[in-house]
Structure formats: C-alpha cells, structure tokens
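# Observations on chain architecture
In case you want the letters, here they are:
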Amino acid sequence: MAQNGSNVTRRQFLTYTLTGVGGFMAATMVMPMVNFAVDPVLKKSGSGDKVKVMKLSDITTEPKRVDFKKQTQDAWYDFEETLSAWVFKNDKGEILALSPICKHLGCQVSFGADPTHPEQFYCPCHFGRYTKDGVNVPGTPPTKPLDEYEMQEKDGFLYLGKPVERGA
Ligand code: FES
C-alpha cells in the first residue's frame, strides 16, 4: 500500500528496516571476532624492530654481556622480554652480537668461564664450548654455532633485533 505518492509499501519499509538493523547487529557481533582472529596475522611483526643497546665506542675486542628489554609480539600478545647478547669486535674489527643461549639444550654460555679455555664461550651444563666467534667446538655437545643478533649501527649506537640462527 503506497501512500502520499510514495512507492514504498509498509511491508517493504519494514523489510528494509529489519534487514538493515539485523545486518548492523550481525556485523557488530561478527567483526570483533573476525578482527580477533585475523588481526595478528595481518599485523606487521614487531620482531623486526631493533633496540638501542650500547655506544659503539664502548665495544672492544673483549666480549661484554649486554642485557636489554625488547617489546615482542607473540600472536595475540604484546609483552616485554629481557634479552642478552655478548657483544664485541672480532679480529677484522667487525662487531658481533651473539646470543648466550647454548645450542645444545638452552643453558646460558659465558665468555672465559672455563679457566682451561679462557678465550672461548663455555656452557656449564654439559661442558659445551664455542670459539670466540661463536662457532661450536667439535667434540663438545653443541652441534651448531651460537645465534647472532640482527644489528644496526646508527648515530654512534648499536641497535639489536632478534637472534638469528647462522646459515639460516
Ligand atoms: S646445554 Fe650447553 S652444553 Fe648442554
């Protein structure tokens, strides 16, 4: 039934209105769920971000342990994690930042902790050893070199990203 020259009947008006309101209500319920499920996949990972850790002028040939905090995203969660790196210059003057996580079973390595091998990284858990540049010593439990941090030098400071497996 059209009234006052309008081409929309009462039935059509109710159909359009209820469809519109129903669609809006469905969208308000469904969109947060879709966003929750898809958002972390589409978001750029924060793991590529680097953190300022120390002055370049403080880096010597003697490995120094540096602890730093980094904002990390793990799927749906953002959290701050504390990381460590052994930072030094190698014989060529190149800066290395090595992860202290032993590649055998994940204990923490230290530089010069074994008095019989003062120029190596040592893991006390199973007597694992690595040369100064982080390469695993054959005949000791670790079978891979220590991971190396992504790094960047900028404005006189060293920035570190995430540890990366060598040769990966
Ligand atoms: S965890 Fe390092 S040697 Fe086993």
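Residues numbered from 1 in each chain as written. Predicted model: local features only at pLDDT ≥ 70, side-chain atom pairs only at ≥ 80, totals over all residues.

### Focus on the overall build of the protein chain
Of regular secondary structure, the protein chain possesses one helix and nine strands. Listing every helix and strand of the protein chain by position from the N terminus yields α-β-β-β-β-β-β-β-β-β. At a minimum sequence separation of 6, the contacts of the protein chain that also span at least 24 residues come to 42%. (Helix = DSSP H or I, 4+ residues; strand = E, 2+ residues; numbered from the N terminus. Contact = placed C-beta atoms within 7 Å.)

### Points about the pairing of strand S9 (residues 157–164)
For a regular strand, side-chain orientation follows a simple rule: the groups alternate between the two sheet faces. In terms of strand pairing, strand S1 (residues 51–55) meets S9 through four bridges, oriented antiparallel. Following the sheet pairing, Lys 55 is matched in S9 by Phe 157. Note: strand S8 (residues 148–154) against S9, six bridges, orientation antiparallel. The partner of Gln 152 across the bridge, within S9, is Tyr 159. Turn length for the S8-S9 hairpin, with the two strands adjacent in sequence and antiparallel, is two residues, and the turn residue Asp 155 shows positive phi of about 50°. (Pairing = 2+ DSSP bridges.)

### Digging into the environment of Ser 99
Mapped onto the elements of the fold, Ser 99 is located in the loop between strand S4 (95–98) and strand S5 (110–111). The exposure class assigned to Ser 99 is buried, which follows from the 22 C-beta atoms found within 10 Å. Taking the C-alpha atoms as reference, Ser 99 lies 9.8 Å from Pro 145; in sequence the two are 46 residues apart. With sequence-adjacent residues up to four places away left out, Ser 99 is seen in contact with Ala 85, Leu 146, Asp 147, Tyr 149 and Pro 163. (Buried ≥ 20, exposed ≤ 12 C-beta atoms within 10 Å, placed from the backbone.)

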